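Reading the structure
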Amino acid sequence: MPTELAFIFPIDGDMLHARDGLQTADALQITVQLTAPASHYLTVNGISASYQAGIFSATVPLTGYLNKLVAHDYTTGQEQTITVYRLPRFAGHYRLSIDDNIWFLRDIYQQGDRYLSLFDNPYLGFLKQVHETFRTKIHLNLFYETDNFNLSQFPDRFKAEWEANADWLRLSFHARGEFPDMPYRTAGYEQVARDCAVVQEEIRRFAGEALMGPVTTLHWGESTVEGSRALRDAGYTGQLGYFNVDDELPAVSYYLTPEQRRHMKQRFVWHDNAEGITFIRSSIVIDKTELPDIVPALDRYAALPSGLPPFVDLLVHEQYFYPFYEA
């Protein structure tokens, strides 16, 4: 029998959406669940909680983005407070995010004046076609350098065209380069901040501020808390990864603990209130899934206890666009 007042759902930092309750024009009604001894009298934000089958429940409206939930045990005087978030436009949406981008930029640079448009490049031309067909929002995470090329060499003559497509296209920092693997797994604040600043400076120069946003995926998705703070301070309050746990797959989970990663596997989004960072889970790595298995892999979510992801990030890597790529 529980002896302590505690939140079961939501927990501190949860980001709540239409699939978590009843969404109206100005609120999200959620059922808060708590544990405490059965004989106690509880309220949540002043609303009485009922007891059934070992759990206290109270229906509470969330009206703002940030919401405090205060559980009070009138029997003992004990109180617990958590902070959660309401995301009214989150559920039911998706995007395509692409890691390891650099080769298409090198190609545009190497073509000199032969390309009259960014989209003369076959890769960007294909992505524009995807957007025009499906209205897909596309996010490109950039390396700073690759063989015989770095971002400082990329021309700024296409800046107006980048900006004209900022409604569907984003550019962000990924890493200095492809190698070494897991470059920021043990890196401190300064290394991540330095590499990030170099890439951001070039994006602003050749594409403009409109192409930047608050989300990125760090290369290999592994960092110390100091490294994630550097990304946050650079504007990347949203950090995307895989959050693997209880398996043999790479964790790709920044600094999160196994318990936090298990929570991310179920929720797909969670905000670390201590650090001011939102984590988002990718739903599939397309290039790691055989073509006939992609749809079944996504369909399998429906059979899980947590159900379909509220938001789907379809992740792939630039290299797999090219037939010459060794993998």
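Calculation rules
- Residues numbered from 1 in each chain as written.
- Predicted model: local features only at pLDDT ≥ 70, side-chain atom pairs only at ≥ 80, totals over all residues.
- Heavy atoms only, no water.
- Helix = DSSP H or I, 4+ residues; strand = E, 2+ residues; numbered from the N terminus.
- Buried < 20%, exposed > 50% of the residue type's maximum accessible area, 1.4 Å probe, protein only.
- Contact = heavy atoms within 4.5 Å.
- Areas by Shrake-Rupley, 256 points an atom, 1.4 Å probe, with all protein chains shown as cover.
- Lys, Arg positive; Asp, Glu negative; His and termini not counted.
- Charge placed at Lys NZ, Arg CZ, Asp CG, Glu CD.
- Pairing = 2+ DSSP bridges.
- Polar contact = N/O pair within 3.5 Å; in protein donor to acceptor, adjacent residues only side chain to side chain.
- Core = buried A, V, L, I, M, F, W, Y, C linked by side-chain atoms within 4.5 Å.
- Expected span 1.5 Å × (residues − 1).
- Arc of directions from axis to C-beta.
- Phe/Tyr/Trp six-rings, centres within 6.5 Å; stacked < 30°, edge-to-face > 60°.
- Lys NZ or Arg CZ within 6 Å of the ring centre and 35° of its normal.
- Salt bridge = Lys/Arg side-chain N within 4 Å of Asp/Glu carboxyl O.

For the rest of this paragraph, the subject is the overall build of the chain. Helices and strands together make up the secondary structure of the chain, namely seven helices and 21 strands. Structurally, the chain occupies a C-alpha span of about 75 × 40 × 40 Å along its principal axes. Across the 327 residues that make up the chain, the buried fraction comes to 50%. Counting contacts in the chain only where the partners sit at least 6 residues apart, residues at least 24 apart contribute 68% of the total. About 15500 Å² of surface is accessible on the chain, with carbon and sulfur atoms providing 53% of the total. Each charge sign in the chain was given a centre, from 27 positive and 42 negative side chains, and these centres are 3 Å apart.

Bringing the sheet that holds strand β12 (residues 138-143) into the picture now. Pairing in this open sheet of five strands is parallel, and the strands run β15-β12-β11-β21-β20 from one edge to the other. The sheet is open, and its two edges are formed by β15 (169-175) and β20 (284-285), each paired on a single side. By the bridge criterion, four bridges tie strand β11 (residues 93-101) to β12 in an arrangement that is parallel. The residue of β12 that forms the bridge with asparagine 101 is leucine 142.

The next thing to look at is the side chain of aspartate 313. Structurally, the position occupied by aspartate 313 is in strand β21 (residues 311-317). For aspartate 313, the side chain forms a polar contact with the side chain of serine 97, separated by 2.8 Å. Apart from the residues within four sequence positions on either side, aspartate 313 is in contact with Arg95, Ser97, Leu240, Arg281, Ser282, Ser283 and Ile284.

So, on to the pairing of strand β9 (residues 66-73). Sheet topology places strand β5 (residues 42-44) next to β9; three bridges connect them, and they run antiparallel. Paired with valine 44 across the strands is alanine 71, a residue of β9. The pairing of β9 with strand β10 (residues 79-86) spans seven bridges and is antiparallel. When the bridges of β10 are listed, valine 70 appears paired with threonine 81. What sits between β9 and β10 in their antiparallel hairpin is a turn of five residues, with glycine 77 showing a positive phi close to 85°.

Phe104, Leu140, Leu142 and Trp162 are the most contacted members of the largest nonpolar core, which has 59 residues in total. The leading source of residues in this core is helix α4 (residues 189-206), at five residues. Counting 20 residues, the second-largest nonpolar core is a separate cluster that includes Leu5, Leu28, Ile30 and Val32.

Here the focus is the sheet that holds β10. Two modes of strand pairing occur in sheets, parallel and antiparallel, and in both the strands are linked by backbone hydrogen bonds. Taken in spatial order, the five strands of this open sheet run β2-β10-β9-β5-β6, and their pairing is mixed. If you trace the sheet from one side to the other, it starts and ends with β2 (15-16) and β6 (47-48), each paired once. Of the pairings in the sheet, the one linking β5 to β6 comprises two bridges and is antiparallel in character. Residue pairing across strands places threonine 43 opposite serine 48, the latter belonging to β6.

This brings us to helix α2 (residues 122-134). Here α2 is 13 residues long and its end C-alpha atoms lie 18 Å apart, about the 18 Å a rise of 1.5 Å per residue gives. Residues of α2 that are buried: Tyr123, Leu124, Leu127, Val130 and His131. Viewed along the axis of α2, the buried residues span an arc of 115°, placing them on a single side of the element. Exposed positions of α2 whose direction lies more than 90 degrees from the buried face are Pro122, Gln129 and Thr133. N-capping of α2 is provided by asparagine 121, with a side-chain oxygen placed 3.1 Å from the backbone N of tyrosine 123. Positive backbone phi, approximately 60°, marks arginine 135, located one or two places after α2.

A complete count under the given rule lists 25 aromatic pairs for this structure. Taken together through their ring pairs, the aromatic side chains of Trp103, Phe104, Tyr123, Phe126, Tyr320, Phe321, Tyr322, Phe324 and Tyr325 make up a single cluster. Lying over the aromatic face of phenylalanine 119, lysine 128 brings its terminal NZ or CZ to 5.3 Å of the ring centre.

A few words on helix α6 (residues 258-267). Within the sequence span of α6, burial applies to Arg261, His263, Met264 and Arg267. For α6, the arc enclosing every buried residue in end-on projection is 160°, short of the 170-degree limit, so these residues lie on one face. Buried residues in α6 make contact with β1 (6-9), β2, β18 (269-272) and β19 (277-281).

Further remarks concern the pattern of salt bridges. Following the criterion strictly, the structure yields 10 salt bridges and no others. Note that arginine 267 is salt-bridged to aspartate 20, the shortest N-O span being 2.8 Å. In this pair, arginine 267 is assigned in helix α6 and aspartate 20 in the loop between β2 and β3 (21-23), connecting sequence segments 247 residues apart. For the pair arginine 267 and aspartate 20, one class covers both residues: buried. Across the pair glutamate 145 and arginine 176 runs a salt bridge whose closest N-O atoms are separated by 3.4 Å.

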